[in-house]
Every structure is written in structure tokens, then in C-alpha cells.
Amino acid sequence: MPARIAFAVEAMDPQPGSDVLEIGCGGGVAVALVCERLRRRGRVVGVDRSATQIDRARRRNRDGVDAGLAELRVGEFPGVDLPGSFDLVFAVNVPGFRSEDPAAPTAVASLLRPAGELWVFDEPPPGLALGPVSMRISALLSRCGYAIVDIVERERTVGVRAAPPDVTASSAATAAAATSPR
Ligand SMILES: C[S@@+](CC[C@H](N)C(=O)[O-])C[C@H]1O[C@@H](n2cnc3c(N)ncnc32)[C@H](O)[C@@H]1O
């Protein structure tokens, strides 16, 4: 069990009954841990662009898939079609959440419920400090309208917890600006 994944699931602490999405789920180790925590209520969807990884994830999570708790999809986020909305979306070591490109976090915002959370975990290469990594992730998420709630670290892994943009408030502000006299 990679330490980063154990840490990520422990930090997020997904609750029974939650709808959870992992982007870039690889071989499905985190999906299996989330499944255990759901206690047969809720669901976890894992998506990865690699069909080989999704095959591994399906084999690892056969019981969860058969019970309708886990769903594993091949696809490139954000292009992939995903069912419904989520309480918790997370990614561990996925390039789209450490780049300058707002596409992935922006797409996540439209999948999250209003009280939902996005967690981004990353593990810098040996020799690189964690601080700049969490700053880079936080800067990207802030630019996409997220509020940074917390930054957590354990050994070589950093996690950024973020609340989605308040779509209601921002659309109300846009409407007010559009109707206010100049
Ligand atoms: C470094 S691996 C990490 C896998 C797993 N999260 C872990 O920590 O072990 C990154 C994974 O993300 C997947 N990936 C990267 N970008 C993606 C995207 N835009 N959409 C879907 N999967 C993606 C890759 O195929 C790969 O399996």
C-alpha cells in the first residue's frame, strides 16, 4: 500500500453514503480503501485514461463493482462522461492538477455539490520541497474560484483541500453587475 494513498484516504475520511470521484485512479488502490469506508452506502467512481490501469482497478475492486459500490471508467478527464454529482472529488499525483491549465479544476467544480470538496494530493520528486508544490496547487485552485480550506502533509505527500466556487453567489453578483445603473 503506497503511503501517499493511505494518507490521502485517511485525510479525506470519506463518510458512508457519500458519492466520491477519483480522477486518475490508476490501479484502484484508493478506490478500494474508499469502498471500505463507505460501508455499503454511497458510491465511488474511478476514472483513468489508461485502459490497462482500469482493468487492474476492476480486478482489485471486483467485490465493490459487483455490489454496485464502485464504478471504474476509462476516459480522459475532463472529456469523460461522468454520472451525477459528487460530495468528494480527489486526485493523487495527476498532472492536470499541478499545471497552469484550469481545465481540470474548472470541470470538477461543475461536478461537485455545493458543500462538496476537491482534494488534490501530490508527491514531489526526491529532493524537491513540499511547500512550492502545495503553493502551486493552491494557486491553480484559487484561480479557478476555489477557497483553500486546508493544506496537509505527511512525509513526501502534500494534500490541498478546497471548497468549490460558490456558483449561486457568483451568478448573483454577475446578474447584479449586469442590471446595476452605470
Ligand atoms: C502517477 S499515476 C497516479 C495513479 C494513482 N492516483 C496513484 O497515486 O497511485 C497518474 C494516473 O493518472 C492518469 N491520468 C493522468 N491524467 C489523466 C486525465 N486527464 N484523465 C484521466 N486519467 C489521467 C494516468 O493514466 C495514471 O494512471
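Here the structure is a predicted model, which is why all the values come from computation and not from measurement.

Quick look at the packing of helix H1 (residues 3-12) against helix H2 (residues 29-38)
Part 1: Where H1 meets H2, the closest approach of the two axes is 10 Å, and the angle between their N-to-C directions is 35°. Two packed elements cross with a definite hand, and for H1 against H2 that hand is right-handed. Contacts from Ile5, Ala8 and Val9 in H1 reach Val29, Ala30, Leu33 and Val34 in H2.
Part 2: Counted by class, the contact of H1 with H2 contains 7 nonpolar, no polar and no charged residues.

Some points on the UniProt feature "domain: Methyltransferase" (unreviewed entry) in the protein
Part 1: Here the UniProt-annotated "domain: Methyltransferase" (unreviewed entry) positions come out as residues 20-116.
Part 2: When the span residues 20-116 is considered, its composition is 33% helix and 28% strand, and the gap between its end C-alpha atoms is 10 Å.

A word on the sheet that holds strand S1 (residues 19-23)
Part 1: The strand order across the open sheet formed by 7 strands is S3-S2-S1-S4-S5-S7-S6, and the pairing between neighbours is mixed. A single partner strand is all that each edge strand has here, and the edge strands are strand S3 (70-74) and strand S6 (147-154). Averaged over neighbouring strand pairs, the angle between their axes works out to 15° when direction is ignored.
Part 2: Pairing between strand S2 (residues 43-48) and S3: 5 bridges, direction parallel. If you follow Val45 over to S3, its bridge partner there is Glu71.
Part 3: Its contacts with the sheet put helix H3 (residues 51-60) on S2 and S3, and the angle it makes with S3 is roughly 165°.

What to know about helix H6 (residues 131-143)
Part 1: Here H6 is 13 residues long and its end C-alpha atoms lie 18 Å apart, about the 18 Å a rise of 1.5 Å per residue gives.
Part 2: In this structure, the buried side of H6 is in contact with helix H5 (103-109), strand S5 (112-122), S6 and strand S7 (157-163).
Part 3: Looking one or two residues past H6, Gly145 carries a phi angle of roughly 95°, positive in sign.

Re H2
Part 1: Extensive coverage of H2 is indicated by the burial of 7 of its 10 residues.
Part 2: Here H2 has its buried residues at Val29, Ala30, Val31, Ala32, Val34, Cys35 and Leu38.
Part 3: After H2 finishes, the residue Arg39 shows a positive phi value of roughly 50°.

A closer look at the site of the ligand
Part 1: Near the ligand there are 19 residues, and of these Gly24, Gly26, Arg49, Phe77 and Val92 occur at the shortest range.
Part 2: Broken down by secondary-structure element, the contributors of at least two residues to the shell around the ligand are H1 and S2.
Part 3: In the shell around the ligand, the residues fall into 9 nonpolar, 6 polar and 4 charged.

Rules used in this analysis
- Residues numbered from 1 in each chain as written.
- Predicted model: local features only at pLDDT ≥ 70, side-chain atom pairs only at ≥ 80, totals over all residues.
- Axes fitted to C-alpha atoms, helices over the stretch in contact; angles between N-to-C directions.
- Helix = DSSP H or I, 4+ residues; strand = E, 2+ residues; numbered from the N terminus.
- Left-handed = near helix turned anticlockwise from the far one by under 90°.
- Contact = placed C-beta atoms within 7 Å.
- Nonpolar A, V, L, I, M, F, W, Y, C, P; charged D, E, K, R; others polar.
- UniProt positions renumbered as here; feature names shortened; annotations may be inferred.
- Pairing = 2+ DSSP bridges.
- Expected span 1.5 Å × (residues − 1).
- Buried ≥ 20, exposed ≤ 12 C-beta atoms within 10 Å, placed from the backbone.
- Near = placed C-beta within 6 Å.

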